[in-house]
Structures are given as structure tokens and as C-alpha cells.
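Summary of the model geometry
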Amino acid sequence: MSDLDSIVSIQLTRASTPVTTASFSIPLILAHFTNFAERTRVYTSIAGVLADFKSTDPVYSMAAQLFGQSTVGATPSSIVVGRRQVDLVTGVPTVANLAVYTITINGVVYSFTSGASATAIDICAGLKIAVGTVAGITFVDKLDGTFTVAPSTVGANWSVTTSANLVLTATTPTETHVDALAAVNASNSTWYCLVARTHTQAEVVALNGAVTALRKIYGTSTQDAAVITTGTTDVAAVLSAASAGRTFGVYLPTADTDFPEAAWVGAQLSYTPGSNDWDFKQAVNVTASVLSETAQANLRTKKCNMYTRKGGVAVFQDGNMFDGSPIDQVIGIDWLYARLQEQIFFRIINSLKIPMTNPGLVIVENEIRSVLSQAQANGLIDRGWSVTTPDVLSIPENMRALRTAGVFQFNCRLAGSIRSVSVQGYLAV
């Protein structure tokens, strides 16, 4: 204790309690698998994904697209992989003599070495003995050269992986994609853009509704040839008719293997919101479509994007959601919404109080101005914006009694971007 404490007593309070800020650069892969037991895992590199998934797994393919766009974009620093529940897998051995077969259940490795005259039936029997009894797990030798593994309780967290000479096939999950997304989001909600293994129309439409309710966005793709026609029942027509403003789609004949939406997200999502337009952007490891003018016109009618060559360069066109809104604009507005909430809340919790006075209202105004200044710096809004703060006496008395400030208003213009240019030249001789 200082000898001055009895004369001058000082208390210092740090007004720096942080608040959680929403990220707009983290993609989520949603898929069904049994590679890990928890609902989500975060990866910071494709090497980390390869440690958990085989290079032939769809999850690995999607992650490779997300992480693999460094030459054409700003790749994500991390991704979230979310698990849709699987309650039964069937295993089939690739028969080889004197080969080691391993199965990993809930992180524990079990091995069996085949004999000199191996058969699938012998291998499955040997694995059954090696596994023995595992709490919470049912291993069944089907006695026909196959085996099944399942959690004893449906819906329980579990995991199973195998060596390359054992092929696992998952049964169709009973959990819907919407329920899986809810469970994944409850586990880790830091993600902003969803890409999913499924391209099935009904599941895509259902996920669109779920993502919209979360104020996040969803990227999908399709190789359904009906999308490039005037048909009205394909996935693009349905989502366009529904004005799906938080889902974007890409038509590509190789969509189910190339996952172009993941490549596009990997190249563009990590840019600061407001600083990039998603139109006319390149990707790697995506096969460009060759589309007639009629097919392109039909896609644009349905607000569906494409990956084609323009001026000899393969690029994504047109950078829009299914309601026609530019993807970057939706992201930018979400960023503005979140940062305004976060900044004002930060000021409230880090102040002894904000008085219900005109000077107190200016404190809130300054937080709004701070966010708008950053939005301008990011390229989201144009300069010339304004903020209008209510006079304290104009706030109804009952609102002041409830300690609710009046309505702050701001006006600004979204900066947008240039997607086409017209030039008129006059040449004289």
C-alpha cells in the first residue's frame, strides 16, 4: 500500500470487457460421416483434414476446394466441418493375403492380419475377434464377407474409420439435414457460409430455409440439366421463385465432384465485407462449362450462377443470390448489422451508465459513426453518409421510463461495384 492511499484513494476500472464479434470469413461443410464423434471440428489446413478423412471422401474434396484457392483469392484461415448423424455402417474388406486390416472405433485401433489363403469371411471373423466387446458399440459379423458397426443407442455420438483395404458404406441417415444443421450450429456457430455435401433438391430447399432463419448464407451447386432449360420445377427455378435471398447456386455439369460452390467460397469469403464483388472471379480445380447463349439466358432468368469462359478466362458469373441480390451486398449488410449491434453493446457494458440525456445519446451516435466510418473504409458504403440522433425530449416519456432510447437513423448509399461498362468514342479526321 502506498503511504498516499490514506490521503488520495484511487479506484481504476478498465472499460474494456470484450464482446464476441461475428465472423464473416468461416465456411461450414455439412456432411454425413463417422470420422469423428463430436458434432464439429475446426481445421486450419487441408493437412488437418487429411488426418481425419481419406483423400477420396467428399468432405476432403470440399475442404480441398475451400483451402486450395490461394492463387486466385484469399483462402479461409479456418473452416468448420459439421457431422450429420449416421447410425450404421457396413464394412467390406478388399481381400489380400498376409495383409493388416485396421478399424478404429471411438479412437481405439483394432487390427487383424489375414492368412496366406485369405477370404472376406475369414477377415470379417478375425476383425470380430479383434474388436471384441466395445461399450456402446455393436459390431456384427454378417457371416457373408461383410460386417456392420453401429452405436448401441441410436443418435449417440460415435466414430468409426478403417484402413484403406476396408471399405465403409454408411446407411442413409435418419437425421434430416435441417436437424443436423441445428445440432452443428449449437456446437459451433462461428461459421457464416454453409456448403453441404448434398445437392439433392428437396434437401437444398430445406437447408435454404434453415440458413435464412440463422442470418447466414448458403452456397450450393447442381448438375441437373433441367436448370439450363425453361423448366419451372428444378432447384434453381424453385429457389428463384421463392426469392431465396441468402442462397446462391452454380450450374456445372460436374457439380457433384467439383463442388464449385466450395471453390468460389474458398476464394472470396475471406475478403473484408464490402471490399470484393463475387462476379467474374476465377477458381482452380473447377471444370468450366460450355453453355449456349440460350442456356445462359435461362440460368440468368432463374438467378443461377455459372462457371464459364469469358474473354478466354474461366470465371464465375453473375455473383448473385437466387433473388438477384449481389452476394457481396448481402454479406456487407450482415456485417453492418452485426457490427452496429456489437459496438453499441460494447459501449453499454463498458460504461457505468449512458445517461438518458442528449450527451448520452451522442455517445451512442458516436458508436454508429464509428461503424459507418469503417464500412466506408471497407468499400461497403459511399462517403456522404449521415446520422440523425433524437432529442431526448422527443422520446416518449414511457420509453424514457423504460430506459429505451429513441430511434437513431442513418442514411448511406451502398458503394456497390461496376460489372459492365459502356464507352462512346468520337473519332475525327
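Coordinates for the structure precede this section.
Below you will find a few notes about this structure. These figures come from a predicted structure and were not determined experimentally.

Another aspect to go through is the side chain of Asn276. With respect to the helices and strands, the residue Asn276 is situated in the loop between α8 (260–268) and α9 (293–301). At 2.9 Å, the side chain of Asn276 and the side chain of Gln268 are in polar contact.

We now examine the sheet that holds strand β10 (residues 166–170). The strand order across the open sheet formed by 4 strands is β7-β8-β4-β10, and the pairing between neighbours is antiparallel. Across the chains shown, the open sheet's two edge strands, defined by having one partner strand only, are β7 (137–141) and β10. Taken pair by pair, the neighbouring strands of this sheet meet at an average axis angle of 20 degrees, ignoring direction. By the bridge criterion, 5 bridges tie strand β4 (residues 89–93) to β10 in an arrangement that is antiparallel. Looking at the pairing, Gly91 lines up with Leu168 of β10. Packing against the sheet, helix α3 (residues 120–131) makes contact with β4, β7, β8 (147–151) and β10, and its axis sits at approximately 150 degrees to β7.

On to the nonpolar core. By size, the foremost hydrophobic cluster in this structure holds 57 residues, and its most contacted members are Phe53, Ile79, Val81 and Phe248. For this core, the leading source of residues is helix α10 (residues 327–349), giving 7 residues. Counting residues in hydrophobic clusters, the runner-up holds 27 residues, among them Leu28, Ala295, Leu299 and Met306.

There is a patch of nonpolar side chains on the surface, built from Phe345, Ile348 and Ile349 and spanning about 270 Å² of accessible area. Among the structural elements, Phe345 can be located in helix α10.

This brings us to the sheet that holds strand β5 (residues 100–105). If you trace the 3 strands from one edge of the open sheet to the other, you get β6-β5-β9, paired in antiparallel fashion. Whereas interior strands pair on both sides, the edge strands pair on one side only; in this sheet they are β6 (108–113) and β9 (160–162). Going from strand to strand, the sheet's axes swing by 20 degrees on average, the running direction of each strand aside. Sheet topology note: the β5/β9 ladder contains 3 bridges and is antiparallel. Counted as the bridge partner of Ile105 is Val160 from β9. Of the strands in this sheet, β5 and β6 are in contact with α3, which crosses β6 at around 140 degrees.

The next subject is the packing of aromatic side chains. The full count for this structure, using the stated rule, is 10 aromatic pairs. Consider the rings of Phe33 and Phe53, whose centres lie 5.1 Å apart with planes at 85 degrees: the pair is edge-to-face. Taken together, the residues span a long stretch of sequence, with Phe33 in the loop between β1 (27–32) and β2 (40–43) and Phe53 in the loop between α1 (46–52) and α2 (58–67) at a distance of 20 residues. Connected via pairs of aromatic rings, a cluster forms that spans Phe248, Trp264, Trp278, Tyr307 and Phe316. In this structure, Arg215 packs its charged tip against the face of Tyr337, placed 3.9 Å from the ring centre. Note that Lys216 overlies the ring of Trp191, its terminal NZ or CZ placed 4.6 Å from the centroid.

With an omega dihedral of 15 degrees, the bond running from Gln317 to Asp318 counts as a cis peptide bond. For Asp318, the position within the fold is in the loop between β15 (313–317) and α10. Non-glycine residue Leu98 carries a positive phi angle of around 55 degrees. Among the structural elements, Leu98 can be located in the loop between β4 and β5. A positive phi angle, close to 60 degrees, is found at Arg215, a residue other than glycine. By the element assignment, Arg215 lies in the loop between α5 (201–213) and β12 (217–222). Judged by relative accessible area, which is 34%, Arg215 ranks as partly exposed.

As a further point, take α5. The end-to-end C-alpha separation of α5 is 19 Å, in line with the 18 Å expected for 13 residues at 1.5 Å each. Turning to α5, its buried residues are Val204, Leu207, Asn208, Ala210 and Val211. For α5, the elements touching its buried residues are β1, α4 (177–187), β11 (193–196), β12, α6 (235–241) and β13 (247–251). Phi turns positive, to about 60 degrees, at Arg215, one or two residues after α5.

Quick look at α8 now. Burial runs high along α8: 9 of the 9 residues are buried. The complete set of buried residues in α8 reads Pro260, Glu261, Ala262, Ala263, Trp264, Val265, Gly266, Ala267 and Gln268.

Two quantities define a packed helix pair, namely the angle between the helix axes and the distance between the axes. For the pair α10 and helix α11 (residues 358–378), interaxial distance at closest approach is 9 Å and the crossing angle is 145 degrees. You can see that α10 and α11 cross each other, and the crossing is right-handed. For the pair α10 and α11, the contacting residues are Trp335, Leu336, Arg339, Leu340, Gln343, Ile344 and Arg347 in the first and Ile363, Val364, Glu367, Ile368, Ser370, Val371, Leu372, Gln374, Ala375 and Asn378 in the second. Residues that form the contact of α10 with α11 fall into these classes: 10 nonpolar, 4 polar and 3 charged.

Moving on, we get to the pairing of β5. The pairing of β5 with β6 spans 6 bridges and is classified as antiparallel. Bridged to Ile105 within β6 is Val108. Between β5 and β6, which pair antiparallel one after the other, the connecting turn spans 2 residues, and Asn106 there sits at a positive phi close to 50 degrees.

Cut-offs and rules
- Residues numbered from 1 in each chain as written.
- Predicted model: local features only at pLDDT ≥ 70, side-chain atom pairs only at ≥ 80, totals over all residues.
- Heavy atoms only, no water.
- Helix = DSSP H or I, 4+ residues; strand = E, 2+ residues; numbered from the N terminus.
- Polar contact = N/O pair within 3.5 Å; in protein donor to acceptor, adjacent residues only side chain to side chain.
- Pairing = 2+ DSSP bridges.
- Axes fitted to C-alpha atoms, helices over the stretch in contact; angles between N-to-C directions.
- Contact = heavy atoms within 4.5 Å.
- Core = buried A, V, L, I, M, F, W, Y, C linked by side-chain atoms within 4.5 Å.
- Buried < 20%, exposed > 50% of the residue type's maximum accessible area, 1.4 Å probe, protein only.
- Patch = residues over 30% accessible without salt bridge, like charges linked within 9 Å, V, L, I, M, F, W, Y side chains within 5 Å.
- Areas by Shrake-Rupley, 256 points an atom, 1.4 Å probe, with all protein chains shown as cover.
- Salt bridge = Lys/Arg side-chain N within 4 Å of Asp/Glu carboxyl O.
- Phe/Tyr/Trp six-rings, centres within 6.5 Å; stacked < 30°, edge-to-face > 60°.
- Lys NZ or Arg CZ within 6 Å of the ring centre and 35° of its normal.
- Expected span 1.5 Å × (residues − 1).
- Left-handed = near helix turned anticlockwise from the far one by under 90°.
- Nonpolar A, V, L, I, M, F, W, Y, C, P; charged D, E, K, R; others polar.

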